[in-house]
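# Observations on chain architecture
Here is how the chains run, residue by residue.
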Amino acid sequence: MSLDQLINDCKRNDIKAQEQLYRLFSAKLFTVCLKYSRNYAEAEDNLQDGFLIIFDKIHQFTFKGSFEGWIKRIMVNNVLQQYRNVSFLELVNDNIIDDVEIDIDDEAISIDYLMKIIQELPDRYRLAFNLYAIDGYSHKEISEMLGITIGTSKSNLSRARMILKEKIEQYTKNNDIPSVK
């Protein structure tokens, strides 16, 4: 069955089509949820909630543009919705720390460790980091998505990078990672 037919069947509330669509996209969308959630269990909840929204709004999809992009946007917005209008996203001052560069030895640090330390970031830093550094949103877009100022978005990103850099440096120091000879 083609994706277009599957979408049309979902628009008619066909439960088997919804199940098939879920199986087709759940792994990719779970990765999205995991990036923005505090932990695995929260990501699972966000995935389920996001699919309920997708099935509720699927009639709005007009086959213009990528369906995968459309459902990913819904999933990101669903996860971010829980952070909107929450005071922890707003910093008292918008002083921006100098941009921090992070050099990572691909062989020394695993993706699992990187995901772990990103998830450990405070919510405001994790969201700004993922939206900007991983998903490529601008600070203007981030400020609109989270209801914060552009300066706060920049500051949160900079602080996230600083925390990640410190954790990576500590990890490499504690694990005595040898240099390649």
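The coordinates are above.
Heads up: these notes are all about the structure in this document. One numbering rule holds for all chains: residues counted from 1, following each sequence as written. Given that this is a predicted model, residues contribute local features only at a pLDDT of at least 70 and side-chain atom pairs are listed and counted only at 80 or more, while totals for whole chains, interfaces and linings are drawn from all residues. The basis for the side-chain values is all heavy atoms of the structure; hydrogens and waters are excluded.

## Notes on the nonpolar core
Core analysis: the largest hydrophobic core is formed by 34 residues, its most contacted members being Leu 21, Leu 29, Tyr 36, Phe 51, Phe 67, Leu 80 and Leu 131. In DSSP terms, a helix is any run of H or I states spanning at least four residues, a strand is any run of E spanning at least two, and both are numbered starting from the N terminus. At the level of elements, helix 1 (3-11), helix 2 (15-36), helix 3 (40-57), helix 4 (67-81), helix 6 (123-134) and helix 7 (139-146) are the ones that each hand at least two residues to this core. When checking whether two residues touch, look at their non-hydrogen atoms; a contact exists if any pair is within 4.5 Å. Ignoring anything within four residues of it in the chain, the contact list for Leu 29 reads Leu 47, Phe 51, Ile 54, Ile 71, Lys 72 and Met 75. Core analysis: the next-biggest nonpolar cluster, separate from the first, contains 12 residues, Ile 109, Ile 117, Ala 160 and Leu 164 among them. Side-chain atoms within 4.5 Å are what join buried Ala, Val, Leu, Ile, Met, Phe, Trp, Tyr and Cys residues into a set we call a nonpolar core. Throughout this description, buried means an accessible area under 20% of the type-specific maximum (1.4 Å probe, protein chains only), exposed means over 50%, and partly exposed covers the range between.

## Describing the packing of aromatic side chains
Here is the rule: rings of Phe, Tyr and Trp (six-membered ring for Trp) pair when centre to centre is within 6.5 Å. Planes less than 30 degrees apart are stacked, more than 60 are edge-to-face, and the remainder are tilted. This structure, assessed with the given rule, holds 9 aromatic pairs. Taking 4.6 Å as the distance between ring centres and 55° as the angle between the ring planes, the aromatic pair formed by Tyr 22 and Phe 51 counts as tilted. Of the two residues, Tyr 22 sits in helix 2 while Phe 51 sits in helix 3, which places them 29 residues apart along the sequence. We classify Tyr 22 as partly exposed; its relative accessible area is 26%. Judged by relative accessible area, Phe 51 falls into the buried class, the value being 3%. Here the aromatic rings of Phe 51 and Phe 55 are separated by 5.7 Å at their centres, their planes lie at 40°, and the arrangement is tilted. With Phe 51 and Phe 55 both in helix 3 and 4 residues apart, the pair spans about one turn of that helix. Taken together, Phe 25, Phe 61, Phe 63, Phe 67 and Trp 70 form an aromatic cluster joined through their ring pairs. Above the plane of the ring of Tyr 125 lies Arg 124, whose end atom (NZ or CZ) is 4.8 Å from the centre. Cation placement over rings: the criterion is NZ of Lys or CZ of Arg within 6 Å of the ring centroid and within 35° of the ring normal.

## Things to note about the packing of helix 6 against helix 7
A fitted line through C-alpha atoms serves as each axis, taken over the contacting stretch for helices, and the angle formed by two N-to-C directions is quoted from 0 to 180°. At a minimum axis separation of 10 Å, helix 6 and helix 7 run at an interaxial angle of 135°. Accordingly, the angle class assigned to the pair helix 6 and helix 7 is oblique. Here helix 6 runs over helix 7; the crossing is right-handed. Of helix 7, the residues touching helix 6 (which contributes Leu 127, Ala 128, Leu 131 and Tyr 132) are His 139, Ile 142, Met 145 and Leu 146. Angle categories are assigned with fixed cut-offs, so that under 35 degrees is roughly parallel, over 145 is roughly antiparallel, 65 to 115 is roughly perpendicular, and the rest are oblique. Rotating anticlockwise by less than a right angle from the far helix to the near helix defines a left-handed crossing, while the corresponding clockwise rotation defines a right-handed one.

## Describing unusual backbone geometry
Here the phi dihedral of Asn 13 falls at roughly 60°; this positive angle occurs in a residue that is not glycine. Along the polypeptide, Asn 13 turns up in the loop between helix 1 and helix 2. Judged by relative accessible area, which is 54%, Asn 13 ranks as exposed. Its identity as a non-glycine residue notwithstanding, Phe 63 has a phi of 65°, on the positive side.

## Points about the packing of helix 6 against helix 8 (residues 150-174)
Their axes nearest at 8 Å, the elements helix 6 and helix 8 cross at an angle of 95°. Classified by the interaxial angle, the pair formed by helix 6 and helix 8 is roughly perpendicular. Here Arg 124, Tyr 125, Ala 128, Phe 129 and Tyr 132 of helix 6 lie close against helix 8, whose contacting residues are Ser 153, Asn 156, Leu 157, Arg 159, Ala 160, Arg 161, Ile 163 and Leu 164. Taken together, the residues of the contact of helix 6 with helix 8 break down into 8 nonpolar, 2 polar and 3 charged. Amino acids are sorted into nonpolar (Ala, Val, Leu, Ile, Met, Phe, Trp, Tyr, Cys and Pro), charged (Asp, Glu, Lys and Arg) and polar (every other residue, Gly among them).

## Regarding the pattern of salt bridges
Whenever Lys or Arg places a side-chain nitrogen within 4 Å of a carboxyl oxygen from Asp or Glu, that contact is recorded as a salt bridge. Enumeration over the complete set of coordinates arrives at 12 salt bridges. Arg 12 is the partner of Asp 9 in a salt bridge, and the nearest nitrogen-oxygen pair spans 2.4 Å. Looking at Arg 12, the relative accessible area reads 56%, which means it is exposed. For Glu 42, the salt bridge identified is with Arg 38, shortest N-O distance 2.6 Å. For Glu 42, a relative accessible area of 14% translates into the label buried. Salt bridges linked by common partners bring Arg 38, Glu 42, Asp 123 and Arg 126 together as one network.

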